[in-house]
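Understanding the architecture of this molecule
What follows is the residue order along each chain.
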Amino acid sequence: MPNPNKLDNALSSLLESIHKKLVRVLTMSDNYYETLGVQKNASQKEITAAFRKLARKYHPDVNPDNSEAEEKFKEINEAHSVLSDPEKRNQYDTFGNSRNNFQTGDFFGGNPFGNVNFSGGNFQNSDFFSSMFGGQTQQPQHSPVSHEKELDVKVTLEEAFHGAKRVVNIDGKRLQISIPPGVNQGSRVHIKLNTNTIKDLYLNISMEESLRYSRKGNDLYVDIDIPLLDAVLGGEIEITDLQGITHTLEIPQQTANNTSFRLAGKGIPPLSKNDMTGDLIAVMRVVIPSDLSSEELELFEQLNQIRNKVN
């Protein structure tokens, strides 16, 4: 005959296990919102923003060998996987609200499941029931959402023109990624990956300053020094674009300081179909000679006298 004490202990353990699981189910209606730190009426945009902020903070790559951060990251993922899906979120909200009338003590005494309707669609098809009771529902447990990772990347102007390569370490693997031509300060490049933990990689682009060029949108500006006599009498200058092609510009007589010459289509290429290829704009900087001889100064004095007579 079975030992009554052992039966009592086994029954007590079973009831305690049921109690813990169902208490967790009862309190889950608010937990996902609290996990992400948003209100119940939060928009999808607010939920996504909160998830990304927390994911960056608790991601295993940022917190190696930190079990607490890893557990927190799992909780964040679980919360986002439900609240980011309108249908799942609706089921979650409905499920939580429909069980607010249960009290913890209802699970002890009488039917331990009280008025829970195991045949009801919302409960039986819920991911929460599946996770609490070992997947004994008709619906398979959903996989975790795709993980995201963000990296800050600096690029030179030349790399923004031609495109660039970078090597990153993901899941212990060295991967080569491509930065497309046309990126600018603040560009956010999305790269699809297929690693164990990272599915979506985002590159936050910042630009290194160029010693030669300045940039406005996709237009490039370059200062060209021209001698005073070329500005007055006319001449030719050569300018090389970022493709390495040399262009000869005709400088007309009496070219004023800061006069601009535009080379169409020689600027930064477009990053997206909504952009346009920029132009290369050469800005003339007239250089006044600093080592004039006495004879040259005399000639300038004569020029000054002639102009005074004209005026």
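Residues numbered from 1 in each chain as written. Predicted model: local features only at pLDDT ≥ 70, side-chain atom pairs only at ≥ 80, totals over all residues. Heavy atoms only, no water.

Looking now at the overall build of the protein. Looking only at helices and strands, one finds nine helices and eleven strands in the protein. Per-residue burial for the protein yields a buried fraction of 33% across its 311 residues. Taking all contacts inside the protein whose residues are at least 6 apart in sequence as the whole, residues at least 24 apart take part in 54%. Accessible surface, the protein as shown: approximately 19,600 Å² in total, 48% of it carbon and sulfur. (Helix = DSSP H or I, 4+ residues; strand = E, 2+ residues; numbered from the N terminus. Buried < 20%, exposed > 50% of the residue type's maximum accessible area, 1.4 Å probe, protein only. Contact = heavy atoms within 4.5 Å. Areas by Shrake-Rupley, 256 points an atom, 1.4 Å probe, with all protein chains shown as cover.)

This next bit is on the layout of surface pockets. Of the pockets and cavities examined, the second largest pocket occupies roughly 410 Å³. For the second largest pocket, the lining is made up of 14 residues, of which L228, L229, V232, F300 and L303 are closest to its centre. For the lining of the second largest pocket, the secondary structure elements donating two or more residues are α8 (228-233) and α9 (294-310). Across the lining of the second largest pocket, the residue classes break down as nine nonpolar, two polar and three charged. (1 Å grid on protein atoms, 1.4 Å probe; cavity = no way out; pocket = protein on both sides within 12 Å on 5 of 7 lines; lining within 4 Å. Points joined across faces, edges and corners; volume = space filled by probe spheres on them. Nonpolar A, V, L, I, M, F, W, Y, C, P; charged D, E, K, R; others polar.)

Time to look at the packing of aromatic side chains. Counting across every chain of the model gives two aromatic pairs. On the basis of an interplanar angle of 20° and a centroid distance of 4.7 Å, the ring pair of Y32 and Y92 is categorised as stacked. Here Y32, found in helix α1 (residues 4-36), pairs with Y92, found in helix α4 (residues 86-97); they are 60 residues apart in sequence, far enough to count as distant. Its relative accessible area of 1% is what places Y92 among the buried residues. Here Y33 and Y92 contribute two aromatic rings whose centre-to-centre distance is 6.2 Å and whose plane-to-plane angle is 45°, an arrangement assigned as tilted. A residue pair is termed long-range when its members are at least 10 positions apart, and Y33 in helix α1 and Y92 in helix α4 qualify at 59 residues. Through a chain of ring-to-ring contacts, the aromatic side chains of Y32, Y33 and Y92 assemble into a single cluster. Lying over the aromatic face of Y58, K72 brings its terminal NZ or CZ to 6.0 Å of the ring centre. The aromatic ring of Y202 is capped on one face by R188, whose charged end is 3.9 Å from the ring centroid. (Phe/Tyr/Trp six-rings, centres within 6.5 Å; stacked < 30°, edge-to-face > 60°. Lys NZ or Arg CZ within 6 Å of the ring centre and 35° of its normal.)

Right, let's talk about the side chain of N218 for a bit. On the secondary structure map, N218 appears in the loop between β6 (213-216) and β7 (219-227). A polar contact of 2.9 Å, which involves the side chain of N218, links it to the backbone oxygen of M276. With near-sequence residues (within four places) excluded, N218 lies in contact with G267, I268, P269, P270, D275, M276, G278 and D279. (Polar contact = N/O pair within 3.5 Å; in protein donor to acceptor, adjacent residues only side chain to side chain.)

What follows deals with the sheet that holds strand β4 (residues 188-192). Taking strand neighbours across the sheet as the criterion, the three strands line up as β1-β5-β4 in an open arrangement whose pairing is mixed. What marks the edges here is a single partner per strand, and that holds for β1 (148-155) and β4. Within the sheet, the average angular offset between the axes of one strand and its neighbour, ignoring direction, is 25°. As paired elements, β4 and strand β5 (residues 200-207) share five bridges and run antiparallel to each other. (Pairing = 2+ DSSP bridges. Axes fitted to C-alpha atoms, helices over the stretch in contact; angles between N-to-C directions.)

Below, the discussion takes up the packing of helix α2 (residues 44-58) against helix α3 (residues 67-83). Packed helices, taken two at a time, are described by the angle their axes make and the gap between the axes. Packing of α2 against α3 brings their axes to within 10 Å, and their N-to-C directions diverge by 165°. Compared by their axis directions, α2 and α3 come out roughly antiparallel. Note on packing geometry: the crossing formed by α2 with α3 is left-handed. Residue-level inspection shows Q44, I47, T48, F51, L54, A55 and Y58 of α2 in contact with α3, the latter providing A69, K72, F73, I76, N77, H80 and L83. (Parallel < 35°, antiparallel > 145°, perpendicular 65-115°, else oblique. Left-handed = near helix turned anticlockwise from the far one by under 90°.)

This part is about empty space enclosed by the protein. Counting across every chain of the model gives one cavity of 30 Å³ or more. As for the largest cavity, its lining consists of R52, A55, R56, E148 and E150. Going through the elements one at a time, α2 and β1 are the ones with two or more residues in the lining of the largest cavity. For the lining of the largest cavity, the leading source of residues is α2, giving three residues. The residue inventory of the lining of the largest cavity, partitioned by class, reads one nonpolar, no polar and four charged.

Moving on, we come to the nonpolar core. Core analysis: the largest hydrophobic core is formed by 36 residues, its most contacted members being I179, L203, I205, I224, I239 and M284. The next biggest cluster of nonpolar side chains, apart from the first, holds 16 residues, and it includes Y32, Y33, A42 and A79. (Core = buried A, V, L, I, M, F, W, Y, C linked by side-chain atoms within 4.5 Å.)

Pairing in this open sheet of four strands is mixed, and the strands run β6-β7-β11-β10 from one edge to the other. What marks the edges here is a single partner per strand, and that holds for β6 and β10 (260-263). Taken pair by pair, the neighbouring strands of this sheet meet at an average axis angle of 30°, ignoring direction.

Our focus in this paragraph is the confidence of the model for the protein. Averaged over every residue, the pLDDT of the protein is 79; residues scoring 70 or more account for 73%. Low pLDDT (under 50) marks residues 23-29, which in the prediction has 17 contacts with non-local residues, meaning those over four places away or in another chain. Residue range residues 97-140 is modelled with pLDDT below 50. Its contacts to residues more than four positions away, or to other chains, number 60 contacts. (pLDDT = per-residue confidence, 0-100.)

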